[in-house]
Amino acid sequence: MSRLAQPKTSPVIKRDGRMGGGAGGPDGELHNDIRRMNLDQTQSTNADLVATEICPVCKSSRYLNASLRFLVNPECYHKMCESCVDRIFSHGPAPCPIPKCGRTLRKHRFREQTFEDLRVEREVDIRKRVAAVFNKREEDFENLRDYNDHLNDVEDITFNLIEGIDVEETEKRFEAYKQANSREIEENAQMAAHEKQSFTQQQKVERHQAKQRREAARREEEEERREAEENRKDVLKRLASGADADTVAKEGQRVQLRKRMDRQAAAERQRQLQAAEDARNNGSSNFVIKGLKAKTKAEPEEPIDPFGGLRFVDSYYSLQDDYVWEGIQEAKKDVRQTAGGYDVMDYARRSLVAAFSGLGVFVADEVTQRDQVGQDAEAVGTARADIGVKDIGMVDAA
Amino acid sequence: MATSPALDVPAEPPLKRRKVSPEPPDITTQVADLAEQLDAQERKKYVKGAKLGSGQYADVFSAHLVSDPTKLVAIKKIKVGPEVKEFGISYDSLREIKFLQELDHPNIIKLHAVFSTKNQNLNLVLEHLPQGDLLKLIQDVGGVQYTSADIKSWMLMLLRATHFCHKNNILHRDIKPNNLLIAADGSIKLADFGLARSMADPFQPMTYNTITIWYRPPELFFQAQHYGGQVDVWSCGCVFAELVAREVMFRAWPETEINMVKMICEKVGTPTEENWPGVSKLRGYVTPTEFVPLRPRDQWLASFRTIGEQGVDLLVKMLTLDPRQRLSAEGVLRHEFWTSEPRPSRLKDLPRRGGGVETMGEDLTQRGAELPRQNGRADKVARKIDFGAMK
């Protein structure tokens, strides 16, 4: 990269470059600055490598000071050495010393970077921030598809923040969601923290038990070795005092066997005790079961409504038990009509509905109502179903 | 490109290759009338996908909205062609459109739109119900287990839909398990309104040759031409019994009407003037040669013990011979069975492996009152032997 080429390439770098444009713009310039500065200073072709070694503020280099530590501030991710941070920000917030940045930084926010690539560092920070707010779990969703859609939305927001697309609008959406769901977010966060805590506790308990088991095994082994040694000594002593070699050897073996049996019995007793202890602990609160699903409070179930909330109320007429019209009277008398289950009162009701149909329908009202409900035309339609039974003059073809 | 003279094959006359039906005029460029414009507008809202089922009468495709690919629908394309003898649109599809576009209920399949494509094909945009039907659930004895609470939940949804139809003066007239489709959330949707009609005026005759024969009530076998919502309640009762026993309640063999009447006499009792006043006046009534008394309550209880005493009480009242003594859909919903223990299962707990989208495709292509196709229960139905396939 020559100096002549630099001005041409710089706008490109600025736009899509190593920082992907950055949330506020200055991020994108960061490496550009670093690069240009390095070129000025060292004329090195290996600018990136050197950039990691020299503080862009005070120009001190790791070559001269091996203990040089670089810090970044998540506000603008400009890198500078620890002593510069101390020097500039000790007396409170101050603007970033990198040219053209000028963001107000605070000392306590400076930290060592985890990833070598600052782009990655920034992305991870943003992801952390978004994930802390969108902490819904799969169990919260009706089905996998909804969960995946949600994840997709979250990823859209994250991507926009990272790549700096519609940052303001995205931030607004993000904040709105945070405001609206603060309680839920808090609950989920607590649940996650609790799970993590119980998991670490469980691991700790397991580690402790494993250690105890190892120690017990080691102690036992040592004990056995010591006894074997003692036994051998005993046998030798008795042989030295002039006893019969065979009987002494047998005696020694018997003693050893009995001791081993004793030890096994003791171990068994110990195990039983331990099991009893475990069982006792199981019931108490200091035993943790991992992988439990967080219980949602079961709402008291409403009594069953066989009609599913649908009520048909005749608001314009009341159906009489009988009508004197001869058509109805004759149909009532005709056995061929009634024996098949034909109910002439169905006809009377339908005629009344037909007579009044359309009277309760106010199109303008329905339109406003639908707009209020949120374009849910079906809900309005169902609510209106009781007023006018719509289909009247349908003649069967068969 | 000139063809080689060595290939002495005469070119096919171009007329044969050309499509017989003229290409539809491009509506966007020409000035079309308003109806065509509206039709095109509706048609462009959907993207047709894979074919889910194909029948003699209709094809069913999966489709989704152009504006939102997650919103799935099923498009039932009614076949119109030389193989359909009748001119114009078939009665079945006319009825289906007429009633479905009026009915809006959570347990009735939703008709979103209707549009026509080239050759005046009718396309019904229906709700996408991916979990198959109740028949597949009932038949999958080894694979699907369900409890009496599940049965109660399904029946409640079915009766709500039936009640809603009757309240809107519509008789469905083809209630059976393979017309009960299962939605993604597990709820039951009443489909296939191809045989539905609105309730008749006094003295206006209705056909008695309707409802799939296994689910047909006795008054239709006796050729009653005046009937009411109780015909659907009988069908619901048959579905209820089928859900419990996992086999068809009244399944006569061969499936003639005489045999069906005999079967009903055996299983419920012989209709007489005592238990059904006026039955002998019905046109198709045949004086019984042998008399079976009404089946006593304890026998019902013995075969349907799982739904409890109240369930059996309801079942008996739904399968009463005399349609006037049979409960109406509203009466069924007022029965204490629904509010008694066990509570109906919640939607998310219901089994829903009713065969998937293919089953929906198969069901929606069927004509009304057809017995189920292919294997399963129809295996004893005489099949037409396909000599063309034998070689």
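Residues numbered from 1 in each chain as written. Chains lettered and ligands numbered in written order. Predicted model: local features only at pLDDT ≥ 70, side-chain atom pairs only at ≥ 80, totals over all residues. Heavy atoms only, no water.

Undergrad: Looking at this structure, I do not really get the overall build of chain B. What am I missing?
TA: For chain B, the helix and strand inventory stands at 12 helices and nine strands. Total accessible area on chain B is roughly 18,800 Å²; 55% of this is exposed by carbon and sulfur atoms. (Helix = DSSP H or I, 4+ residues; strand = E, 2+ residues; numbered from the N terminus. Areas by Shrake-Rupley, 256 points an atom, 1.4 Å probe, with all protein chains shown as cover.)

Undergrad: Could you clarify how one ought to interpret the packing of aromatic side chains in this entry?
TA: To describe a pair of aromatic rings, one takes the distance between the centres and the angle between the planes. Under the criterion given, the structure shown has 16 aromatic pairs over all chains. Between Tyr146 of chain B and Trp154 of chain B the ring centres are 5.1 Å apart and the planes differ by 80°, which places this aromatic pair in the edge-to-face class. Among the residues examined, Tyr146 of chain B registers a relative accessible area of 14% and is labelled buried. Taken together, Phe134, Phe174 and Tyr177 of chain A form an aromatic cluster joined through their ring pairs. Above the ring of Phe61 of chain B, the side-chain terminus of Lys48 of chain B is found at 4.5 Å from the ring centroid. Note that Lys152 of chain B overlies the ring of Phe337 of chain B, its terminal NZ or CZ placed 4.6 Å from the centroid. (Phe/Tyr/Trp six-rings, centres within 6.5 Å; stacked < 30°, edge-to-face > 60°. Buried < 20%, exposed > 50% of the residue type's maximum accessible area, 1.4 Å probe, protein only. Lys NZ or Arg CZ within 6 Å of the ring centre and 35° of its normal.)

Undergrad: Sorry if this is basic, but what is going on with the pattern of salt bridges here?
TA: Side chains that differ in charge, positive against negative, can pair when their charged atoms come close. All names here are of chain A. For the coordinates displayed, the defined rule picks out 41 salt bridges over all chains. Notably, a salt bridge pairs Arg111 with Glu121, separated by 2.5 Å at the nearest N-O pair. Within this pair, whereas Arg111 is found in the loop between strand 4 (104–105) and helix 5 (118–133), its partner Glu121 is found in helix 5, the two being separated by 10 residues in sequence. Given a relative accessible area of 1%, Glu121 falls into the buried group. (Salt bridge = Lys/Arg side-chain N within 4 Å of Asp/Glu carboxyl O.)

Undergrad: Would you mind showing me how to read the interface of chain A and chain B here?
TA: Accessible area lost upon the coming together of the parts is a frequently used measure of interface size. In this assembly, 39 residues from chain A lie in contact with 51 residues from chain B. Taking both sides of the interface into account, the surface hidden between chain A and chain B amounts to around 4,100 Å²; carbon and sulfur atoms contribute 57%. Counting across the chain A and chain B interface gives one salt bridge. Arg350 of chain A is the partner of Asp201 of chain B in a salt bridge, and the nearest nitrogen-oxygen pair spans 2.6 Å. Where chain A meets chain B, there are 11 residue pairs in polar contact (both at pLDDT 80 or more). Of all the elements in the fold, those that place two or more residues in the side of chain A that touches chain B are helix 10 (326–333), helix 11 (335–338), helix 12 (344–356) and helix 14 (377–384) of chain A. Residue contributions to the side of chain A that touches chain B peak at five residues, all from helix 12 of chain A. For the side of chain A that touches chain B, the residue count by class is 18 nonpolar, seven polar and 14 charged. (Contact = heavy atoms within 4.5 Å. Buried area = accessible area lost by both parts, 1.4 Å probe. Polar contact = N/O pair within 3.5 Å; in protein donor to acceptor, adjacent residues only side chain to side chain. Nonpolar A, V, L, I, M, F, W, Y, C, P; charged D, E, K, R; others polar.)

Undergrad: Would you take a moment to explain the side chain of Arg350 of chain A for this structure?
TA: Tracing the backbone through its elements, the reader meets Arg350 of chain A in helix 12. Among the residues examined, Arg350 of chain A registers a relative accessible area of 8% and is labelled buried. Only 2.6 Å separates the side chain of Arg350 of chain A from the side chain of Asp201 of chain B, close enough to count as a polar contact.

Treat this as a map of the structure, not an account of what it does.
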